[in-house]
Amino acid sequence: PCPAQSSTTLMGARGQAMGNASACLSDEWSILNNVAGVATVNSASLALSYDALPALPAFSKMGLAITLPGSVACGIGFFRFGDAAYNEQIATAGIATQWNHTSVGMKINCIRYAADGLGTRSVFTASMGGITKLAPWVTVGAHISNINQPWLSKQFNERLPTTIIAGLLFSLAPHVIVATEIEKRINDVA
């Protein structure tokens, strides 16, 4: 069988420029990426993004992120992928905090799928993540999405998959970083 796949919600110019290797990044887009990164955002921020594909408008996506710093930082985010025939929408709210060199965070997501002729499905999910600076030049980060694996359809035995993403970031110079990450969907066999 060929399971359906959701669009990636990873947003932000820096993350996209690095092939979406954003598990270790701390910026305003962390609310849609690794929520732990919200903990180290230094000022309130509002970010908007629209990733347009004129030749394939059905694959366009847009996002909004709002973050507020503090001892317990918080953020909200909105994401939309698709067109009128098929689209995915996510509203998320999360919190994050930092101890020494480690940031941890968690968020709640409301995910809505809509397909022309098939109706809509909405589910609530929980996600969490962490980022640790092991040394001034190396950072590790990981986050797990959809921990609760909500049912999209019990009739077809279809759950929203749980995904684990782990990454490494190396700071080679003040404005030069190298990042890599791996991703695993827990309910996939291979």
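First, a word on what this report is: a plain description of the structure on this page.

About the thresholds
- Residues numbered from 1 in each chain as written.
- Predicted model: local features only at pLDDT ≥ 70, side-chain atom pairs only at ≥ 80, totals over all residues.
- Heavy atoms only, no water.
- Helix = DSSP H or I, 4+ residues; strand = E, 2+ residues; numbered from the N terminus.
- Rg over C-alpha atoms; globule rule 2.2 N^0.38 Å.
- Phe/Tyr/Trp six-rings, centres within 6.5 Å; stacked < 30°, edge-to-face > 60°.
- Buried < 20%, exposed > 50% of the residue type's maximum accessible area, 1.4 Å probe, protein only.
- Core = buried A, V, L, I, M, F, W, Y, C linked by side-chain atoms within 4.5 Å.
- Contact = heavy atoms within 4.5 Å.
- Pairing = 2+ DSSP bridges.
- Axes fitted to C-alpha atoms, helices over the stretch in contact; angles between N-to-C directions.
- Polar contact = N/O pair within 3.5 Å; in protein donor to acceptor, adjacent residues only side chain to side chain.

What about the overall build of the protein?
Phase 1 of the analysis: Assigned secondary structure in the protein consists of one helix and eleven strands.
Phase 2 of the analysis: Order of helices (α) and strands (β) in the protein, N terminus to C terminus: α-β-β-β-β-β-β-β-β-β-β-β.
Phase 3 of the analysis: Against the 2.2 N^0.38 benchmark of 16 Å for 190 residues, the protein shows a C-alpha radius of gyration of 17 Å, consistent with a compact globule.
Phase 4 of the analysis: A principal-axis box enclosing the C-alpha atoms of the protein has dimensions of 50 × 35 × 30 Å.

As for the packing of aromatic side chains
Phase 1 of the analysis: Evaluated as defined, the whole model comprises two aromatic pairs.
Phase 2 of the analysis: Look at Trp137 and Phe170: their rings are 6.2 Å apart centre to centre, the planes differ by 20 degrees, and that puts the pair in the stacked class. Note that Trp137 is positioned in the loop between strand E6 (119-135) and strand E7 (138-145) and Phe170 in strand E10 (residues 163-173), a separation of 33 residues in sequence.
Phase 3 of the analysis: Take Phe170: its relative accessible area is 27%, and that puts it in the partly exposed class.

Quick word on the nonpolar core
Phase 1 of the analysis: Core analysis: the largest hydrophobic core is formed by 19 residues, its most contacted members being Trp29, Ile31, Leu32, Val38, Phe79, Ile111 and Leu160.
Phase 2 of the analysis: Within the residue set of this core, elements represented by two or more residues are strand E3 (72-82), strand E4 (86-99) and strand E5 (102-115).
Phase 3 of the analysis: Examining the composition of this core, we find that three residues originate from one element, E3, more than from any other.

A short note on the environment of Thr139
Phase 1 of the analysis: Position of Thr139 relative to the elements: it lies in strand E7.
Phase 2 of the analysis: For Thr139, a relative accessible area of 6% gives the class buried.
Phase 3 of the analysis: With residues near it in sequence (within four places) discarded, Thr139 still touches Cys24, Ile131, Thr132, Lys133, Leu134, Gly167, Leu168 and Leu169.

Structural notes on the sheet that holds E5
Phase 1 of the analysis: The nine strands are arranged E1-E2-E3-E4-E5-E6-E7-E10-E11 in an open sheet whose pairing can be described as antiparallel. In this open sheet, the two strands that pair with only one neighbour each are strand E1 (45-51) and strand E11 (176-185). Averaged over all adjacent pairs, the angle separating strand axes in this sheet is 15 degrees, with direction ignored.

Structural notes on the side chain of Thr92
Phase 1 of the analysis: By secondary structure assignment, the location of Thr92 is in strand E4.
Phase 2 of the analysis: A polar side-chain atom of Thr92 sits 3.2 Å from the main-chain carbonyl oxygen of Ile108.

Things to note about unusual backbone geometry
Phase 1 of the analysis: In this structure, Asn20 is a non-glycine residue whose phi angle is positive, near 65 degrees.
Phase 2 of the analysis: Within the secondary structure layout, Asn20 lies in the loop between helix H1 (13-17) and E1.
Phase 3 of the analysis: Its identity is not glycine, yet Asn146 carries a phi of approximately 60 degrees, on the positive side.
Phase 4 of the analysis: Structurally, the position occupied by Asn146 is in the loop between E7 and strand E8 (151-153).

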